[in-house]
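# Report on the structure
For reference, the chains in residue letters:
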Amino acid sequence: TKKGFIFDLDGVIVDTAKYHFLAWKKLAKRIGMDFSETQNEQLKGVSRKRSLEKILAWGNKTLSEAEFNQLMSAKNDDYLSYIEKMDDSEVLPDIAKTLDFLIGKGQAVALGSASKNAVPILKKVHLLDKFEAIVDGNDVSKAKPDPEVFLNASELLKVKPEDCIVFEDSVAGVQAANIAKMLSIGIGDKKNLHEADYVFKDFTEISEDFLNDIMSNKIN
Ligand code: G16
Ligand code: MG
């Protein structure tokens, strides 16, 4: 069967979480707050706007709309300066190999990300041409765990949600995939991602046999 394989970007294809962390930490410092790795974990897969709202709530801060927008754009400028130097070496292990394997098998491959910077990042790491469809933060109005991003991808790929597979590193993303009735594959720590149908540390743990079993409906 032709399946739709939908990849999250940050934390699945590239490790940009560390750059988001640096940029949010800098922003927090600007407004006199601390910012921990644990807090950063809770921002994974969460939109830029929603992330800032959460940070302000943690620090019990209220800002005017103008100040809010100023901080959002400062954060993004910092983030962009961090990702400026990204190249192929920052693609996570076995991602390119897996994409090529799936494409070689005639499968449909899409990106489903909350990031508004998805396309420039994919260009920098030379993976843009691997994706038949791209749905990112510029296309969706409802953030994960809302399934909108993945349902849009399924529609663009012309593959039914039940025949789609989502690779996600965030709790919200796994929940979005489950709500969309897609097979959810968590990438990361089993403790965080226990709601996923399967969890792997990274793509080096995902065998071609496993992917073949998905394509032949032995796993669904
Ligand atoms: C990513 C990250 C989030 C980030 C969001 C928005 O989502 O995981 O931490 O806040 O994108 O990114 P930007 O500020 O670039 O629009 P995903 O869905 O690719 O993991
Ligand atoms: Mg992610």
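Residues numbered from 1 in each chain as written. Chains lettered and ligands numbered in written order. Predicted model: local features only at pLDDT ≥ 70, side-chain atom pairs only at ≥ 80, totals over all residues.

## Section: the overall build of the protein
On a plain count of helices and strands, the protein comes out with nine helices and six strands. For 220 residues, the compact-globule estimate of 2.2 N^0.38 gives 17 Å, and the C-alpha radius of gyration of the protein, at 17 Å, lies within 12% of that figure. Viewed in the frame of its principal axes, the protein has a C-alpha envelope of about 55 × 35 × 30 Å. Counting across all 220 residues of the protein, residues that qualify as buried make up 40%. When contacts within the protein are restricted to residue pairs at least 6 apart in sequence, those whose partners lie at least 24 apart make up 61%. (Helix = DSSP H or I, 4+ residues; strand = E, 2+ residues; numbered from the N terminus. Rg over C-alpha atoms; globule rule 2.2 N^0.38 Å. Buried ≥ 20, exposed ≤ 12 C-beta atoms within 10 Å, placed from the backbone. Contact = placed C-beta atoms within 7 Å.)

## Quick notes on the site of ligand 1
Not every one of the 20 residues close to ligand 1 is listed here, only the nearest: Asp10, Ser113, Ala114, Ser115 and Lys116. When grouped by side-chain class, the residues that make up the shell around ligand 1 number four nonpolar, 11 polar and five charged. (Near = placed C-beta within 6 Å. Nonpolar A, V, L, I, M, F, W, Y, C, P; charged D, E, K, R; others polar.)

## A word on the nonpolar core
Ile6, Ala110, Phe150, Ile165, Val166 and Met182 are the most contacted members of the largest nonpolar core, which has 58 residues in total. Per element, the largest residue contribution to this core is six residues, and it comes from helix H1 (residues 17-30). Excluding anything up to four places from it in sequence, Ile6 contacts Ala110, Gly112, Phe150, Ala153, Cys164, Ile165 and Val166. (Core = buried A, V, L, I, M, F, W, Y, C linked by C-beta atoms within 7 Å.)

## What about the sheet that holds strand E3 (residues 133-135)?
Sheets are built from strands that pair by backbone hydrogen bonding, the pairs being arranged parallel or antiparallel. Reading across the sheet, the six strands line up as E3-E2-E1-E4-E5-E6 and stay open at both edges, with parallel pairing between neighbours. One side of each edge strand has no neighbouring strand; the edge strands of this open sheet are E3 and strand E6 (198-200). Here the average twist between neighbouring strands, direction ignored, is 20 degrees. Here strand E1 (residues 4-7) runs beside strand E4 (residues 164-168); their pairing, made up of four bridges, is parallel. (Pairing = 2+ DSSP bridges. Axes fitted to C-alpha atoms, helices over the stretch in contact; angles between N-to-C directions.)

## Some thoughts on helix H8 (residues 171-179)
Structural remark: α-helix, 3.6 residues per turn; residues separated by three or four positions point the same way. When H8 is considered as a whole, its buried residues turn out to be Val171, Ala172, Gly173, Val174, Ala176 and Ala177. Contacts from the buried residues of H8 go to helix H7 (148-157), E4 and strand E5 (183-187). Within two residues after H8, Lys181 carries a phi angle of roughly 65 degrees, on the positive side.

## Quick look at the environment of Arg50
Residue placement: Arg50 occurs in helix H3 (residues 48-58). Sequence separation between Arg50 and Ile95 is 45 residues; the distance between their C-alpha atoms is 28 Å.

## Details of the UniProt feature "active site" (unreviewed entry) in the protein
Taken from the UniProt record, the annotation "active site" (unreviewed entry) applies to Asp8 and Asp10. Tracing the sequence through the fold places Asp8 in the loop between E1 and H1. We classify Asp8 as buried; it has 28 C-beta atoms within 10 Å. Leaving out residues up to four positions away in the same chain, Asp8 has contacts with Gly112, Ser113, Phe167, Glu168, Asp169 and Gly173. Tracing the backbone shows Asp10 in the loop between E1 and H1. Sequence-distant contacts of Asp10, that is, excluding residues within four places in its chain, are made with Thr16, Ala17, His20, Ser113 and Ser115. (UniProt positions renumbered as here; feature names shortened; annotations may be inferred.)

## Things to note about the pairing of E4
Burial analysis of E4 places five of its five residues in the buried class, which makes it a mostly covered element. Neither face of E4 is exposed, since Cys164, Val166 and Glu168 on one face and Ile165 and Phe167 on the opposite face are all buried. Where E4 meets E5, four bridges bridge the pair, whose relative direction is parallel. From the neighbouring strand, Glu168 faces E5, where its bridge partner is Gly186. Crossover connection from E4 via H8 to parallel E5: handedness right-handed. (Right-handed = clockwise from strand over helix to strand, strands pointing away.)

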